Amino acid sequence: MTLFHKVLLGFVGLAAMLPLIGVPQYWLYTLTIGLYYAMLASSWSLLVGYVGRISFAQAAMSGLGAYVSVLTGMYLDLPVIPSLLLGVAAAGVLGLFIGWLTLRLHGAYLGLTTIAFGEILRITVTAEHQLTQGSRGLQVRPLIEGAGPATYYYIFLAAAVASVLLMLLLLRSRIGLFFQAIREDEDGTASLGVNVTLWKSLAFGCSTAFAGLAGGLYAHFVQLITPSMMSMQEMGYVLAMAVIGGFSNVVYAAFGGVLLQILLEALRELGEWRLAVFGIIAILMLRFAPNGVFGWLENLLKRKG
Amino acid sequence: MTLVAIAEQAANGLIISTFYALIALGIALIFGVLKIVNFAHGEFYMLGGYSCYLAVTLLGLPPIFGVVFAVVILMAVGVLVEQTLIKPIHTGKVDRPDEYAIMITFALAIMLLNLANSVFGPWPQSPAPVSRGIVEFGELIIPGDRLSAAGIGILLIVGLLLILRYTWAGKAVRAVSQDRAAAETFGINISRVSMLSFGAGAALAGAAGALIGPVFNVVPAMGAVPAIKAYIVVVLGGLGSIPGAIVGALILGQVEVFATILIPDTNRALAYKDAYGLVVLILVLLVRPQGLFGKPERRA
Amino acid sequence: MQPQLDISNLSKSFGGLQALKGIDLSFQKGELVGLIGPNGSGKTTLLNIIGGYYKASGGAVTLEGHKTDGLAPSTLARLGIGRSFQVTKVFKRLTVLENMLVGALADWRLSRSSARDKAHGVLEKLKLTRLADSPASSLSGGQAKLLEFGRIMMLDPKIVLLDEPFGGVHPELKRFMYEKIVEWNEAGATIILISHDMGSIFGLCRRVVTLSYGDIIADGDPETVRNDPAVLEAYLGDHHAA
C-alpha cells in the first residue's frame, strides 16, 4: 500500500468518525449528498475511464433508478429494499441494452446517442405526470422511518464505499483487464479472443446499475424527486466532479464528487459563480492535468515517497 | 383541418427550420473541418442572445445592429475557444483526443451556462425585435417578428453558401472538409482554416440566438433545446454535410409541427414534442450513421 | 487431404471498388506462405475476411471443414486464428505483461497464475522480460511488433496471419523475428505472411501467392513466382503508375 492509499483510507476512516465528533447535522446532510455524487461520478468513470465509452445518460440513469424504485414502491406496495433493487435492475438492463445497441458507435456519435436516450428518459418522466407528478415532483417515503441524518450518512458512506470496492474488485479481475484492452484498441482486443461485444455491453450495464443504485438511495433520502435530476445540467456536474477528481480512476472520481459537494456548500456566498468556477476548473484539468486533482496528488506523493 | 391551418403550420415549420438550419450549419461547418462535435454550441447560441440584448437594451443600438454585434462577439469567442482549447487536439498535445474533444466542449457548455446565470441572472430578458406587427398573406397571418427574423436567417444562410462556393476562404474550408491531407499538400493553412471555421460556426449560432432572442426571450438555459434539435438535424443530414444540415432542418421543422397536431391527445403530443426528433436521431445513428448526405466511414 | 484453411470464390467489394474478385486458395497445415502484391491488391482485405473483421461479399472461408461466415473476430481467434496488424495495436496504457495476459485470460479455463507463468515464458523467448512491467507506450516500433508476436503466441494459434511484421524494424531485430517465425512454423503453426519486404518473403517462405487487383496472378514456390512475368508486370505496372 502506497502512502497515497494510506491517506485515502485515512479520509474514509475520518469520514466514519464525523457523526461521533459532533459535526453539525447540516454538514452531515451535505456530505450525504456528496456521497450520492461520489457513487454517480465513480460509476461514470467506470465506463469512461476504463472502457473508453462516453455516456451522457448517467444522470438520467440515476433518475431512472430513483423513479422505478419510488413508483414500484407506490403502485406495487413493495418494501423499500426490493423496490430499490428493481430500480438498480431497471437501470442496469436499460444500460445493457443501450450498450448493445450502440456497439458500433464511437466518440461523438456515442455521445449524441446517449444524450438522446437521457433526454428521452427525462421527457418521458416529465410527460407521464399522472404517474410521476411531472416537474412538480414526487413525494417519496423515507429509506428508514424516522431515521436521523447520522443514520442516512452512515448508510450512504457504506453504500459508496461498497460500490467503489465492488468496482475495484471487478476492475482487478480479468474482466477489468478486458475493459482496459477494449479502451486501448477494440480490434486488437478481439484479435486475442476477447468477446468485445459482450464486455462492452456489460460494462455499460454495470455502470448504469451503480448509477441506478445511487439514484434510488438518493430518492429515499431527499424524499422529493423531480425530473431535473435527469437533466443535462446535472450530467454536467457529474462530469465536472469526475474530471476534477480524476475520471481515469473510480476512487479519484468518487473523491471528486465529495470534494465538489463540500466546496459547493462552503462557498455559498459566491452564489452561481461557484458552478461557473467549477466549469473553468474542469476545463483547465482536462487540458493540463487529465488525471485530476487526486491523480496529481498521487504522483506528487509518489515522487516524495 | 382547414387548408389555411395546414399552410399556417407549414409556414411555422419553415420558420423554425430556418433557425435549426442556422445553428446546425455551424455544427456542420465545425465538424467538417475539425472532425469534432461542439457540445457547447447551444451556449454559443445563448451568448448570441445576450450579446443582442446588451447591444439593443443596454447600449440602445437598433435591433439589426444587435444581430451584427452578436455575430462579431461570437466570432471572437469562437476564435478564442479554438485557439485555447481545440487547437491542442490537432497539435498532438492531448493524450486521448476523441474523449478530450467531447468532454472539453461539454465542460465549456456547463461553464458558459453557469457564467451566464451568474452575470445575467436566471430572469428572462427580451430585447426589441427587428420588426413588430403581423404580416398577412391572404388569410395566412404570420407575426412580423418571426418573419423578419427568419428572413434575415435565410439571408445569412444564402450568404454562407455563397461564401463557401465562391470565395477563396470558402473553397479552402470545403477542401479541408473533404480531404485534410490533400488540402495540406496544396498549401492550405489548416490551422487558419480551423480557426476560421470554428469562429464562423460560433458566429452562426450567435446570429441565431440574436434573431430568436426577441421572439422567445433570452435566458441562460435557452441553448439546450435548440442545440439538441441542431444535433438531430446534422445527424439526419449527415455530420459535416452542409446541404445535409439544410435539408435536415427542413425535415425536422415539418415533422415537429405536424407530428404534434396529428396525435389526437394534444397534451400528451405536446409533452413529447421534443422527443420525436431524439428518436429520429437514435434511429439514424443506428441504421445509417452517415445520415442522408454523408459518406460512409470505412474502418481500417 | 482436407486443407486446414480453404478459400473458395471469395469476393469483396467496397461500394463500386472490387477489392477481391472471387479468389480460390487453400492452405495445408504447417505451410509458411508469403502473400505479396502491389498496394491495393487486396492482401489486407483477404486477411481481414479470414480474421472475421470484414464480411465477404461472396464465396466462403472454411476452417478445418467448418464455414467461418458470420463468426466474430474473437470467436475466430479462439478457434485458432491469430493475427498481427499492419499498424501495431498494442495496448499502450497497459504494461507489456498485461498486454500478454489479455489473450490468455480470454480462455476462462486458464487460471491467472498459470497465464502469468506462460506470459513470462514467452516474454523470455522474445527477450522482453526486462520490459514486462513497463507501459507498452514506452516500446520502440520494433519492440511493439515483437510484443504483438508474443500476444499471438499466448493464443497457441493454429494459423497465424502476419500483416507487414517487418515494417520499420531494424535489420538485427528482423533476423530475430525470422528465427521466431521459423520456430513457430516448425512447432506446427500455419503462417501466412504479408510483406513488402521481398527479401524476407523469398528468404522465409516455401510458397508465395501474388495478388493483383483482387485476383491471384501467381501461386507457387518462390523461384517460380520470382520469375513469373505476370508478377513482374504487376509490380512494374504499379511503379509506372506511381
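The structure presented is a predicted model; accordingly, all values stated were derived computationally and were not measured.

Q: Tell me about the overall build of chain C, residues and numbers included.
A: If you tally the helices and strands in chain C, you get nine helices and 10 strands. Scaling as 2.2 N^0.38, a compact globule of 242 residues should have a C-alpha radius of gyration of about 18 Å, and chain C matches this with 18 Å. Each principal axis of the C-alpha distribution contributes one length, and for chain C these read about 50 × 40 × 35 Å. Taking all 242 residues of chain C together, 55% fall into the buried category. Taking the intrachain contacts of chain C between residues at least 6 apart in sequence as the baseline, contacts between residues at least 24 apart amount to 67%. In chain C, which carries 27 positive and 26 negative side-chain charges, the distance between the mean positions of the two groups comes to 7 Å.

Q: Residues and numbers for the overall build of chain B, please.
A: Along chain B, the regular secondary structure elements total 12 helices and two strands. In sequence order, the secondary structure elements of chain B are arranged as α-α-α-α-β-β-α-α-α-α-α-α-α-α. Taking 19 Å as the expected radius of gyration for a compact globule of 300 residues, we find that chain B reaches 19 Å, a close match to that expectation. If you line up chain B on its principal axes, its C-alpha atoms span 60 × 50 × 35 Å. Taking all 300 residues of chain B together, the buried fraction comes to 53%. The long-range fraction of contacts in chain B, counting pairs at least 24 apart against all pairs at least 6 apart in sequence, stands at 75%. Across chain B, 18 positive and 15 negative side-chain charges occur, with their mean positions spaced 9 Å apart.

Q: Give a detailed account of the sheet that holds strand S3 (residues 32–36) of chain C, specifying residues and quantitative values.
A: Residues and elements named next belong to chain C. One open sheet holds the six strands; their spatial order is S6-S7-S8-S3-S9-S10, and the pairing between them is mixed. Either end of the sheet is taken by a strand with one partner, and the two such strands are strand S6 (81–83) and strand S10 (215–220). Pairs of neighbouring strands in the sheet enclose a mean axial angle of 20°, with direction left out of account. Here S3 pairs with strand S8 (residues 190–194) via four bridges, running parallel.

Q: Explain the confidence of the model for chain C to me, and be specific about the residues and the numbers.
A: Detailed reading of predicted coordinates is not advised where the pLDDT is low. Residues and elements named next belong to chain C. For chain C, per-residue confidence averages 89 on the pLDDT scale, and 97% of positions sit at 70 or higher. For chain C, per-element mean pLDDT is lowest for helix H9 (residues 229–241), which scores 68, and highest for helix H3 (residues 96–105), which scores 94. As scored by the predictor, the complex reaches a pTM of 0.91 and an ipTM of 0.92.

Q: Got a sec to walk through helix H4 (residues 112–125) of chain C? Specific residues and values, please.
A: Residues and elements named next belong to chain C. The end-to-end C-alpha distance of H4, which contains 14 residues, comes to 20 Å, matching closely the 20 Å that a straight helix rising 1.5 Å per residue would cover. Inspection of H4 places Ala 115, Ala 119, Val 122 and Leu 123 among the buried residues, and these make up the whole buried set. For H4, the arc enclosing every buried residue in end-on projection is 100°, short of the 170-degree limit, so these residues lie on one face. Facing away from the buried surface of H4 by more than 90 degrees, the exposed residues are Ser 113, Asp 117 and Glu 124. Downstream of H4 by one or two residues, Lys 127 has phi in the positive range, about 60°.

Q: So what's going on with the packing of helix H8 (residues 174–184) of chain A against helix H10 (residues 196–222) of chain A? Which residues, and what values?
A: Residues and elements named next belong to chain A. Packing of H8 against H10 leaves a shortest axis separation of 10 Å and a crossing angle of 100°. Regarding the angle of H8 to H10, the classification is roughly perpendicular. Along its contact with H8, which presents Ile 175, Phe 178, Phe 179 and Ile 182, the element H10 presents Val 196, Trp 199, Lys 200 and Ala 203. Here the contact of H8 with H10 is built from residues that sort into seven nonpolar, no polar and one charged.

Q: Any chance you could break down the pairing of strand S1 (residues 5–14) of chain C for me, citing the residues and the numbers?
A: Residue and element names in this part refer to chain C. Where S1 lies against strand S4 (residues 58–63), five bridges are found, and the strand directions are antiparallel. Its bridge partner lying in S4, Ile 7 is registered against Val 61. Two strands pair when backbone bridges link them, and S1 and strand S2 (residues 17–27) are joined in this way by eight bridges, in the antiparallel orientation. Note that in S2 the partner of Phe 14 across the bridge is Leu 17. Where S1 hands over to S2, the hairpin turn is made up of two residues, of which Gly 15 adopts a positive phi near 60°.

Q: Any details on the interface of chain B and chain A? Residues and values, ideally.
A: The partner chain A presents 46 residues to the 43 residues of chain B that form the contact. Both sides together, the interface formed by chain B and chain A hides about 3,900 Å², and carbon and sulfur atoms give 75% of it. Considering only the side of chain B, the residues that lose the most area to chain A are B:Met103, B:Phe106 and B:Leu286, jointly responsible for 16% of the buried surface there. There are zero salt bridges connecting chain B and chain A. The interface formed by chain B and chain A contains five residue pairs in polar contact (both at pLDDT 80 or more). Every element with two or more residues in the side of chain B that touches chain A is listed here: helix H3 (63–90), helix H4 (97–120), helix H9 (224–237), helix H11 (266–271) and helix H12 (273–287) of chain B. No other element matches the 16 residues that H4(B) contributes to the side of chain B that touches chain A.

Q: Go over the side chain of C:Thr190, please, and point to the residues and values.
A: Residues and elements named next belong to chain C. Locating Thr 190 in the fold gives a position in strand S8. Here the side chain of Thr 190 touches Gly 30 through a polar contact of 3.0 Å, landing on its backbone nitrogen. Not counting chain neighbours up to four residues away, the residues in contact with Thr 190 comprise Gln 4, Phe 27, Gln 28, Lys 29, Gly 30, Glu 31, Lys 158, Ile 159 and Val 160.

Q: I'd like a description of the nonpolar core, backed by residues and values.
A: Core analysis: the biggest nonpolar cluster contains 262 residues, and A:Trp44, A:Phe56 and A:Ile225 have the highest contact counts within it. Per element, the largest residue contribution to this core is 16 residues, and it comes from helix H1 (residues 3–34) of chain B. Look past the residues within four positions of A:Ile225 in its chain and what remains in contact with it is A:Ala66, A:Tyr67, A:Val70, A:Gly137, A:Leu138, A:Val140 and A:Ala219. The next biggest cluster of nonpolar side chains, apart from the first, holds 26 residues, and it includes C:Phe14, C:Leu20, C:Leu47 and C:Ile192.

Q: Go over the packing of aromatic side chains, please, and point to the residues and values.
A: Under the criterion given, the structure shown has 26 aromatic pairs over all chains. Between A:Tyr152 and A:Phe221, the ring centres sit 5.1 Å apart and the planes meet at 50°, which makes this aromatic pair tilted. Separated by 69 residues along the polypeptide, A:Tyr152 in helix H7 (residues 149–172) and A:Phe221 in helix H10 bring together distant segments of the chain. Of the two residues examined, A:Tyr152 and A:Phe221, each falls in the buried class. Both rings, one in C:Phe166 and one in C:Tyr178, keep their centres 5.3 Å apart while their planes meet at 85°; by these two values the pair is edge-to-face. Of this pair, C:Phe166 sits in the loop between strand S7 (159–163) and helix H6 (171–186) while C:Tyr178 sits in helix H6, and the two are 12 residues apart along the sequence. Connected via pairs of aromatic rings, a cluster forms that spans A:Tyr29, A:Tyr152, A:Phe156 and A:Phe221.

Q: Outline the pairing of S3(C), supporting the account with residue identities and numerical values.
A: In summary, the side chains of a regular strand alternate between the two faces of the sheet. Here S3(C) lies mainly inside the structure; five of its five residues are buried. Neither face of S3(C) is open: one carries C:Leu32, C:Gly34 and C:Ile36, the other C:Val33 and C:Leu35, and all of them are buried.

Q: Give a detailed account of the packing of helix H12 (residues 250–266) of chain A against helix H13 (residues 273–288) of chain A, specifying residues and quantitative values.
A: Residues and elements named next belong to chain A. Taken N-terminus to C-terminus, the directions of H12 and H13 make an angle of 145°; their axes are 10 Å apart at the nearest point. Here H12 runs over H13; the crossing is right-handed. Mapping the contact onto sequence places Leu 260, Leu 263, Leu 264 and Glu 265 in H12 and Arg 274, Leu 275 and Phe 278 in H13. Looking at side-chain class alone, the contact of H12 with H13 contains five nonpolar, no polar and two charged residues.

Q: If you had to explain helix H11 (residues 232–245) of chain A to someone new, which residues and values would you point to?
A: All names here are of chain A. Helix length check: H11, at 14 residues, gives a terminal C-alpha distance of 20 Å against a target of 20 Å (1.5 Å per residue), a fit within 8%. A large share of H11 lies buried, amounting to 13 of its 14 residues. Backbone geometry just downstream of H11 places Gly 246 in the positive-phi region, at approximately 125°.

Q: How would you summarise the sheet that holds strand S5 (residues 66–67) of chain C if you had to cite specific residues and measurements?
A: Pairing between the strands of a sheet is mediated by backbone hydrogen bonds and can be parallel or antiparallel. Residues and elements named next belong to chain C. Read across the open sheet, the four strands follow the order S2-S1-S4-S5; overall the sheet is antiparallel. Sheet topology places S2 and S5 at the edges, where each strand pairs with a single neighbour. Helix H1 (residues 43–50) rests against S1, S2 and S4 of the sheet, and its axis sits at about 115° to S1.

Q: Go over the environment of A:Ser69, please, and point to the residues and values.
A: All names here are of chain A. One can find Ser 69 in helix H3 (residues 58–76). For Ser 69, a relative accessible area of 0% puts it in the buried group. Setting aside residues up to four positions removed in sequence, Ser 69 forms contacts with Ser 83, Leu 84, Gly 87, Gly 216 and His 220. A distance of 3.5 Å separates a polar atom in the side chain of Ser 69 from the backbone nitrogen of Leu 84.

Definitions and cut-offs
Residues numbered from 1 in each chain as written. Chains lettered and ligands numbered in written order. Predicted model: local features only at pLDDT ≥ 70, side-chain atom pairs only at ≥ 80, totals over all residues. Heavy atoms only, no water. Helix = DSSP H or I, 4+ residues; strand = E, 2+ residues; numbered from the N terminus. Rg over C-alpha atoms; globule rule 2.2 N^0.38 Å. Buried < 20%, exposed > 50% of the residue type's maximum accessible area, 1.4 Å probe, protein only. Contact = heavy atoms within 4.5 Å. Lys, Arg positive; Asp, Glu negative; His and termini not counted. Charge placed at Lys NZ, Arg CZ, Asp CG, Glu CD. Pairing = 2+ DSSP bridges. Axes fitted to C-alpha atoms, helices over the stretch in contact; angles between N-to-C directions. pLDDT = per-residue confidence, 0-100. Expected span 1.5 Å × (residues − 1). Arc of directions from axis to C-beta. Parallel < 35°, antiparallel > 145°, perpendicular 65-115°, else oblique. Nonpolar A, V, L, I, M, F, W, Y, C, P; charged D, E, K, R; others polar. Buried area = accessible area lost by both parts, 1.4 Å probe. Salt bridge = Lys/Arg side-chain N within 4 Å of Asp/Glu carboxyl O. Polar contact = N/O pair within 3.5 Å; in protein donor to acceptor, adjacent residues only side chain to side chain. Core = buried A, V, L, I, M, F, W, Y, C linked by side-chain atoms within 4.5 Å. Phe/Tyr/Trp six-rings, centres within 6.5 Å; stacked < 30°, edge-to-face > 60°. Left-handed = near helix turned anticlockwise from the far one by under 90°.

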